[in-house]
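Overview (structure and organization)
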Amino acid sequence: MPDRDAIIIGAGFSGLYQLHKLRELGFDAHVIEAGPEVGGTWYWNRYPGARCDIESIGYSYSFDSDLQQSWNWTERYSAQPELLAYLKHVADRFDLRRDISFNTRVASMVFDDVSNEWTVTTDSGEQITARFVIAATGCLSKPLIPTFEGLEDFAGDVYWTWDWPEEGVDLSGKRVAVIGTGSSGLQTITAIAPDVGELTVFQRTPCYAVPAQNRSIVEELAELKTHYDEFREESRNSVGGFPCDDELPPFFEDLDDAGIRGELERRWDDGGLCYQQSFRDLLQSKEANDRAAEYARGRIKLKVHNPAVAEMLTPRSYPIAAKRMCVDTGYYEVYNQPNVTLIDVNDHPIRRMTEHGILSGDDELEFDVIILATGFDAMTGALDAIDIRHGEQTLRDKWADGPRTYLGLMSAGFPNLFTVTGPQSPSVLSNMLTSIEYHVEWISAAMAHLRDHGCTRIDAEVAAEDNWVNTTNDAADMTLLPEAASWYMGANVPGKRRAVLPFVGGVDVYKQIGDGIAISNYHGFDIS
Ligand code: FAD
């Protein structure tokens, strides 16, 4: 008999719920977490200004009505401390900590065909056997460490957004460089701009940032809670895992020119990522996309006083929403401050770090602090970092030409290993909480199904996996996603094979497929 029914890797949103759900079903499960605390993303990313970009009422668990009713979110988009407090509360409320090993990293795991068990080895050399392993390792948990020449020569302080000092950093009056203008960069820049002496932002590609229209929701929360269950149901059956009121029919179907503009304006002013669902075919129709992009560019320009800086901040090289959109709480206005400079690294490449700062083009710029907001090896990075083996094959090798999964839940040849929000599932293209809960419940039901039928092994069939990979690739090829060199495509990681990593068909469609497969006795899975 294995030591445990299941080992869960990671104690973020996914791992915590997975532990709770398996316990509820009577499984003996244990979590292994590299960090010293629960929270995952919201433990590690403590940089100034860190907050979610999906509204908290949806970016939270729905599985427990009492939890949902008793927790009071204070803002439309919660800041990191509140999200971390929530996750700690969940861990305590459901007594999860007693089954979590902190400060422990899973280094490797090997599947044994005779016993149908995984042997999991941690970084301290401890070995645990388990019937199942559930990788709740996160889509954005493996930082991309840039290789800037001379970084070690820099005499000032270097901080990474994904591992910000817990005690905080006093940046007042300092000359600060921020490298990277994705979500973390944007949020950091916006938060520190009022305090720093001088701020220099190094940008490779400008983002489209929609206003958050963040606000206190203390007053409206009580009313919201009266129909929370309907809201959750709508979320599960929506394209993005969060209801964006009336999703429109495809572009041009019903609206004339003024109608289209009015719709874009309404969504922009309402704030948040629902802008990218202005038209259901925004990622399919170039014409629809151009129209939404043009409107967004116009709004960005209005915020920035200096036309040359406004132009630098205006994205033109890729379709809107083909890279992760950002949500802005005063980002563009930062560039109206006299002490803020924007540098386009395409014109002035970062040649190296020096003792005093950064050699940018031919100029040495002096800084006290360098902040790196350079992103993640998304979706596959955390899994690739573990040596996952079955016989002669490793998952890393199998995925060298791009991930291959069935539903983003399993990869053929690696039995009894599930991935929560794995590649080729909606994951990062959705409100992750909707996708996480769906996967946790699907995995748990599959495990219970095996137990009820006296089975000990489940694997994806190669043919089903091939079919799913083709389906996800074909669906992605019908969109504009491949036109952007984004982390959705793995394009931010040197040497990583380009492939559209998430399933683009929508949470609603994915759920129908996943439910159908489960109901049909796990069609495409080999169970014994
Ligand atoms: P994570 O929270 O990433 O947790 C994974 C855990 O696994 C980590 O704690 C890690 O330490 C641990 N781990 C990994 N490998 C190992 C190993 N080998 N051994 C032991 N432990 C390991 N999504 C949204 O939908 N909306 C948002 O607004 C949003 N904002 C985000 C903001 C930031 C700054 C970032 C980085 C991501 C954001 N995301 C957002 C995505 C976010 O990652 C998910 O929403 C969610 O938090 C993922 O939860 P998770 O438990 O799956 O993974």
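Structural data are supplied above this passage.
To start, this report covers the structure provided alongside it. Small disclaimer: the values here were computed from a predicted structure and weren't measured.

**Some thoughts on the pattern of salt bridges**
With the rule as written, the count across this model stands at 33 salt bridges. The partner of Glu 366 in a salt bridge is Arg 175, and the shortest N-O contact between them spans 3.5 Å. Here Glu 366 is found in strand S15 (residues 363–366), whereas its partner Arg 175 is found in strand S8 (residues 175–179), with 191 residues between them in sequence. Residue Arg 175 is classed as partly exposed on the basis of its relative accessible area of 27%. For Asp 257, the salt bridge is made with Arg 291, and the minimal N-O distance between the two is 2.7 Å. Note that Asp 257 is positioned in helix H8 (residues 257–270) and Arg 291 in helix H9 (residues 286–303), a separation of 34 residues in sequence. Residue Arg 291 is classed as buried on the basis of its relative accessible area, which comes to 17%. Taken together, the shared-partner salt bridges connect Arg 4, Arg 23, Asp 28, Asp 95, Arg 98 and Asp 99 into one network.

**What about the state of the cysteines?**
Under the definition given, this model contains 1 disulfide. Each disulfide pairs two cysteine sulfurs, and for Cys 244 the partner residue is Cys 274, the sulfurs being separated by 2.0 Å. Residues Cys 244 and Cys 274 are joined through a disulfide that is left-handed, its torsion about the S-S bond being -80°. Residue Cys 244 is located in the loop between helix H7 (228–236) and H8, and its partner Cys 274 is located in the loop between H8 and H9; the two are separated by 30 residues in the primary sequence. Cys 274 shares its class with Cys 244; the two are buried. With no disulfide of its own, Cys 52 has Cys 274 as its nearest cysteine by sulfur position, at a separation of 13 Å.

Conventions and cut-offs
Residues numbered from 1 in each chain as written. Predicted model: local features only at pLDDT ≥ 70, side-chain atom pairs only at ≥ 80, totals over all residues. Heavy atoms only, no water. Salt bridge = Lys/Arg side-chain N within 4 Å of Asp/Glu carboxyl O. Helix = DSSP H or I, 4+ residues; strand = E, 2+ residues; numbered from the N terminus. Buried < 20%, exposed > 50% of the residue type's maximum accessible area, 1.4 Å probe, protein only. Disulfide = S-S within 2.5 Å.

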